[in-house]
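In case you want the letters, here they are:
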Amino acid sequence: MICLHRLTMEPCRILLGLSVIFYFYASVSAEASCKLKARFKLSGYKDVEKKKVIIGGMFPVHMRVASSAGSTSRLPVSSGCEGMNYRTFRWTQTMLFAIDEINNMNELLPNTDLGYVIYDSCFTISKAVEGTLTYLTGQEEAVPNYRCGTGPPLAALVGAGGSDLSVATARILGLYHFPQVSYSSSSSALNSWFQFPTFLRTIPSDKHQSDAMARLVLHFGWTWVGIIAADDDYGKYGIKDFKEQVEDAGVCISFSETLPKVNSPEDIHRIVQTIIESTAKIVVIFSSDVDLSPLVLELIRQNVTNRTWIASEAWVTSALINQPGVSSVLGGTIGFGVKRADIPGLQRHLLNLDPYANPLTEEFWETLFNCTLDYGKALRDSKERATVFNGTMSKAFPAGLCTGSESLAQLNNTYSDISQLRITYSVYKAVYAVAHALHNLEHCEPGHGPFIGIGCADITKFEPWQLMYYLKNVRFKVPHTDEEVYFDGRGVEGYYDIINWGLDSNGVILYVTVGQYNASLAPEERMTIKNDSIVWNNEALEPPRSVCSENCKPGTRKGIRQGEPVCCFDCIPCADGEISNMTNARECVLCGGDHWSNDAHDACVPKIIEFLAFGEPLGITLIVISAFGALVTFAIAVVFVVHFGTPLVKANDALLSFSLLFSLMVTFLCSIVFLGEPQNWSCMTSQVALALGFALCLSSLMGKAALLMLRAQAIKAARAKAKAAAKAAKAAAEAAANSGGPDVIASNTTNLNSLAARVKPDILTFAHQRVIAAAATLIQALACTVWLIVLPPYPMKNTSAQNIKIILECNEGSVVFICCIFAYDILLALLAFIFAFLARKLEDHFSEAKCVTFGMLVFFIVWISFVPAYLSTRGKFMVAVQIFAILASSFGLLTCIFLPKCYILLLKPERNTEEMMRPRDKPRDGTSTGTSASLATYATEVNSTIASTPIDD
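Reading the values: the criteria
- Residues numbered from 1 in each chain as written.
- Predicted model: local features only at pLDDT ≥ 70, side-chain atom pairs only at ≥ 80, totals over all residues.
- Heavy atoms only, no water.
- Buried < 20%, exposed > 50% of the residue type's maximum accessible area, 1.4 Å probe, protein only.
- Helix = DSSP H or I, 4+ residues; strand = E, 2+ residues; numbered from the N terminus.
- Pairing = 2+ DSSP bridges.
- Axes fitted to C-alpha atoms, helices over the stretch in contact; angles between N-to-C directions.
- Contact = heavy atoms within 4.5 Å.
- 1 Å grid on protein atoms, 1.4 Å probe; cavity = no way out; pocket = protein on both sides within 12 Å on 5 of 7 lines; lining within 4 Å.
- Points joined across faces, edges and corners; volume = space filled by probe spheres on them.
- Nonpolar A, V, L, I, M, F, W, Y, C, P; charged D, E, K, R; others polar.
- Phe/Tyr/Trp six-rings, centres within 6.5 Å; stacked < 30°, edge-to-face > 60°.
- Lys NZ or Arg CZ within 6 Å of the ring centre and 35° of its normal.
- Polar contact = N/O pair within 3.5 Å; in protein donor to acceptor, adjacent residues only side chain to side chain.

A.B. asks: Is there a simple way to explain the pairing of strand 29 (residues 805-811) in this structure?
C.D. replies: Regular strands place their side chains on alternate faces of the sheet. With 5 of its 7 residues buried, strand 29 lies for the most part within the structure. As judged from the 3 bridges shared by strand 27 (residues 608-610) and strand 29, these two strands associate in the parallel manner. By the bridge assignment, Glu610 is partnered in strand 29 with Ile807. One ladder, built from 5 bridges, connects strand 28 (residues 794-798) with strand 29; its direction is antiparallel.

Printed below as a string of structure tokens:
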């Protein structure tokens, strides 16, 4: 036996030398041996005789390793496998078919016959490692670092099935720079050149598949999905890449579960309950068909429907999943399948299988047809059955014995189904990739080789790293499909068919291609999908909705729920003045100053422009009332003009009365100026006219009331003196009578009521009253002038008083000025009221003091009521309240001051005489009052009476 070191290629002299040491310590033969204290139990195919180059293969023909007792009391034996997988067995036969096809070609490796060594990995890492060490060693006893034995060189390994198997094998093969071409290991964990320097694959990386799945989820607007991954590198890395992409796009994960590698009914039941309880209608599964099969059985048992499943390429077309009853659960599944192709001649190869060619083939045949090819076993089983049932048996052909001529074509099972050759096609490409690399190595032109020092390699004794060079740079077209294959970095281009699980008329699942994904195109062009061709697993036959919360409509915003994913939210209506005009708005946008939100809060609309217009009913009403008040005032003025020479008009100072009427007419008419859209002129005119009008009115009343008060005080003092003089005279007369003096005639005491003490002439005359009114009005006029010059009122848009309205109003310019101006009017009114109140007891047939008092009381009541009403209103109603206050106070003054006079002038002309203007007799309480209408006559009589009456000083 010749032992070649895998690293130095030196003869194993070192190992032979060390055997001497082993002899002393272990009492073993001094003869060198390359073996370990274990033997691998591997099954598969081998054809190395008379072959120039060997290609290794590794396929998960069985689904699991058979359980063992785990005894440590005897030599450990490698476990066997169980659970034949017809789909992966077809992959194995595809490699055999491809090698036979290559050996029969003249244009590819014409001078080289390829052999093969294919092992069953049993879908288990330990078996994959066993097979890898066996490849490297060249015998069943694995000796690390050495390949012991003669024979053709092993070119590359095609395998090893699942991604976790390839990770394990690639780590070992990478140590020896041994090429590996995988047909189904798509995990992105294998992308690292540093960790896996000799790993290549004819299947796209899961980076592309994860991107394709993410784009599919986003295409249909699903934001709430569940994910399930196998507990291996394929599932973990695939789902990790998917999560990163969808979460960056705003998709939330409802639940994340891991399928156990060892079947666990408790875990499977828990996962199914999670699926049932979740509101997510979309479930993404990154798993192989072997790992997923227990979950599918439980889903069927619990009849979990109304879910749409997103399948990875490892199970989307697997017959292991496509079991009876699965259509109600997995119908409508959408998945991604690697590139499909037809391989001419493959089906004939599959159906012409020789059941006796190999133990693995025998097991397949016996499992497929439920019989045995072992005559002795069949005979023993037949005897046992005959004994149990007391029957007879045929020794020529015992029951349960396979004939070896059973028809594979009639079964129409997964093994012979070539309608979805996807991974099978990937195996086919992997074998051809190795063959083309060997072809390029064999036909290297001397002197033009890629290797430093030696140029070209010899195909009969090349090193694995030399073949790796050609594999990385290989480019060829696949026979029958003309697909150009090259390794873009590590794998082939990311191309997938989007497959939908439909149903035929018999309820059998069909794999319908509804789109494609091509990672080599621009991002926006990578996915094409026919939405109308998709069959969904719901009654509506339309894309399902899978959201944690329904979309927030325009007019609302998303409110995140504490402790829940961002896809779970509440739709909060936008506040007044804010809008959102898009679906799922994160924030509401504030409208501009002149705009407000509509009722739906999805658009900003111009605010309502509000002012008290002339044409609206309220404006018309106020105009009518104002005009009526002005007309009444004008009518009263006409009445006074008509009766200008009568005692009543003359007694009330006609000029002062006309100034009063003029001021009231101004107040009536200025209220109209408050109406309409505010302008510069109207803002200045309205307030100034009102202030001056009331100033003239109140100053005139103040002058009139001041005269009444002074005369009332003078008369009161005169009457007090007259009363005292009368009492003194009476006392003197009584004293004289009692003393027996001459007779004294006592004067009539009743005439004392018409007597008073000496009364001085009037301090205030009509001229004084006019001066007071003019001076008070002039002061107000000066103040208003300063106001208009310094800080005049101006129109403005009030956007803060009411949210939905822009109130057009007058800005008073200066609060200080307007407060001072109207405070001055209030001062005049207060003085007029005080003066009139003090003169209220001067009574005659016409009591002017009481009229002024009542007029001022009405004025104060109106304006005191006006303040809270004015402050509690906004907009045009504030203007209306102010106008009503102006009109009410004006009507109050007009009524109280002039109605009694008009009553006499128009209805009681007989009382409009000099006699009636005189004061009445004093009431019994000894008090008397008078009015301005009788003061002149009354004062003359008092003076003459006092002059003719003897009074002792």
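Back to the text.
A.B. asks: Explanation requested: the sheet that holds strand 9 (residues 180-182) in the structure shown.
C.D. replies: Within a sheet, each strand pairs with its neighbour through backbone hydrogen bonds, oriented either parallel or antiparallel. With respect to topology, 6 strands assemble into an open sheet ordered 2-6-3-8-9-10, the strand pairing being mixed. Each edge of the sheet is formed by a strand with only one pairing partner; in this case those strands are strand 2 (44-47) and strand 10 (199-201). Neighbouring strand axes in the sheet, compared pairwise and without regard to direction, differ in orientation by 25° on average. The pairing of strand 3 (residues 53-59) with strand 6 (residues 114-120) spans 7 bridges and is parallel. The residue of strand 6 that forms the bridge with Gly56 is Val117. Those strands touched by helix 13 (residues 423-442) are strand 3, strand 6, strand 8 (154-158) and strand 9, and its axis lies near 160° from that of strand 8.

A.B. asks: Can you help me understand unusual backbone geometry in this one?
C.D. replies: Peptide bonds are mostly trans, and most non-glycine residues show a negative phi. With omega at 15°, the peptide bond leading from Gly159 into Ala160 counts as cis. Within the secondary structure, Ala160 is located in the loop between strand 8 and helix 4 (163-175). With a phi angle near 50°, Leu109 is a residue other than glycine that sits in the positive phi range. Within the element layout of this structure, Leu109 appears in the loop between helix 2 (86-103) and strand 6. We classify Leu109 as buried; its relative accessible area is 2%.

A.B. asks: How should I be thinking about empty space enclosed by the protein in this particular structure?
C.D. replies: Rolled over the atoms, a probe as big as a water molecule pinpoints where empty space is left. The tally for this structure, following the rule as stated, stands at 4 cavities of 30 Å³ or more. Computed from the structure, the largest cavity encloses a volume of approximately 220 Å³. Around the largest cavity, the lining is made up of 19 residues, and of these Phe123, Gly162, Ser184, Ser288 and Ala314 lie nearest the centre. Contributions of two or more residues to the lining of the largest cavity are made by helix 2, helix 4 and helix 8 (289-302). When residues in the lining of the largest cavity are grouped by element, the largest group, 3 residues, is from helix 2. For the lining of the largest cavity, a count of residues per class yields 7 nonpolar, 7 polar and 5 charged. The volume enclosed by the second largest cavity comes to roughly 80 Å³. When grouped by side-chain class, the residues that make up the lining of the second largest cavity number 5 nonpolar, 2 polar and 5 charged.

A.B. asks: Would you mind showing me how to read the packing of aromatic side chains here?
C.D. replies: Two aromatic rings, taken as a pair, are described by how far apart their centres are and by the angle between their planes. According to the stated counting rule, one finds 34 aromatic pairs in the structure shown. Centre to centre, the rings of Trp365 and Phe369 are 4.9 Å apart; their planes meet at 45°, and the pair counts as tilted. Taken together, the positions of Trp365 and Phe369, both in helix 11 (residues 359-369) and 4 residues apart, correspond to about one turn of that helix. The residues Trp365 and Phe369 share a single accessibility class, namely buried. A cation sits over an aromatic face here: Lys472 above Trp193, 4.6 Å from the ring centre. Geometry around Phe898 places Lys901 over its ring, the cationic atom sitting 5.5 Å from the centre.

A.B. asks: Mind showing me how you'd approach the side chain of Arg87 here?
C.D. replies: Turning to its location among the elements, Arg87 is positioned in helix 2. One polar contact links Arg87 to Asp289, side chain to side chain, over a distance of 3.3 Å. Reaching out from Arg87, the side chain makes a polar contact with the backbone oxygen of Ala314 at a distance of 3.2 Å. What Arg87 contacts, discounting residues up to four positions off in sequence, is Asp289, Glu313, Ala314, Thr317, Ser318, Thr414 and Ile423.

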